Amino acid sequence: MPTPTGDAKTCSQGHRYYKSSDCPTCPICGQEPKNETGFLLLLSAPARRALENHGITSLQKLSEYSEKEILQFHGMGPASLPKLRAALEEAGLSFKS
């Protein structure tokens, strides 16, 4: 069995885990199915978690950020931007300029 690396962390659900990065996502919670709806379902799990970790769970909240700011989030990649742009446009919103 490999030796754990990084700092021991405990999530809000009480799961104890080790991570060498500063990513706050508990690997146990990250594998649990979510009941998400809407635009978050369009995204990969890392991109979805990146938004959730910053409190972005609605298109209104997403529209308060620029594309450049969103791309800075750990787990968010450029492939997600077209999906996010389309979802915002459908709701009559856009990224902050």
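It should be noted that the structure appears before, not after, this text.
Let me begin by describing the structure that accompanies this report. These numbers were taken from a predicted model, which means no experiment stands behind them.

1. Considering the pairing of strand β2 (residues 16-19)
Successive residues of a regular strand alternate their side chains across the two faces of the sheet.
So, point 1. Two strands pair when backbone bridges link them, and strand β1 (residues 7-10) and β2 are joined in this way by four bridges, in the antiparallel orientation. Paired with T10 across the bridge in β2 is R16.
So, point 2. Hairpin connection, β1 to β2: the antiparallel pair is bridged by five residues, and G14 has positive phi, about 90 degrees.

2. Comments concerning the nonpolar core
Generally speaking, a soluble globular protein has its nonpolar side chains buried in company with each other.
So, point 1. In terms of nonpolar packing, the biggest core is built from 18 residues, with F39, L51, L62, I70, F73, M76 and L84 touching the most fellow members.
So, point 2. Counting residues per element, the ones that place at least two in this core are α2 (45-53), α3 (59-62) and α5 (81-90).
So, point 3. In terms of residue count, α5 provides more of this core than any other element does, four residues in total.
So, point 4. Those residues in contact with F73, other than ones at most four positions away along the chain, are A50, L51, H54, I56 and Y65.

Rules and cut-offs
Residues numbered from 1 in each chain as written. Predicted model: local features only at pLDDT ≥ 70, side-chain atom pairs only at ≥ 80, totals over all residues. Heavy atoms only, no water. Pairing = 2+ DSSP bridges. Helix = DSSP H or I, 4+ residues; strand = E, 2+ residues; numbered from the N terminus. Core = buried A, V, L, I, M, F, W, Y, C linked by side-chain atoms within 4.5 Å. Buried < 20%, exposed > 50% of the residue type's maximum accessible area, 1.4 Å probe, protein only. Contact = heavy atoms within 4.5 Å.

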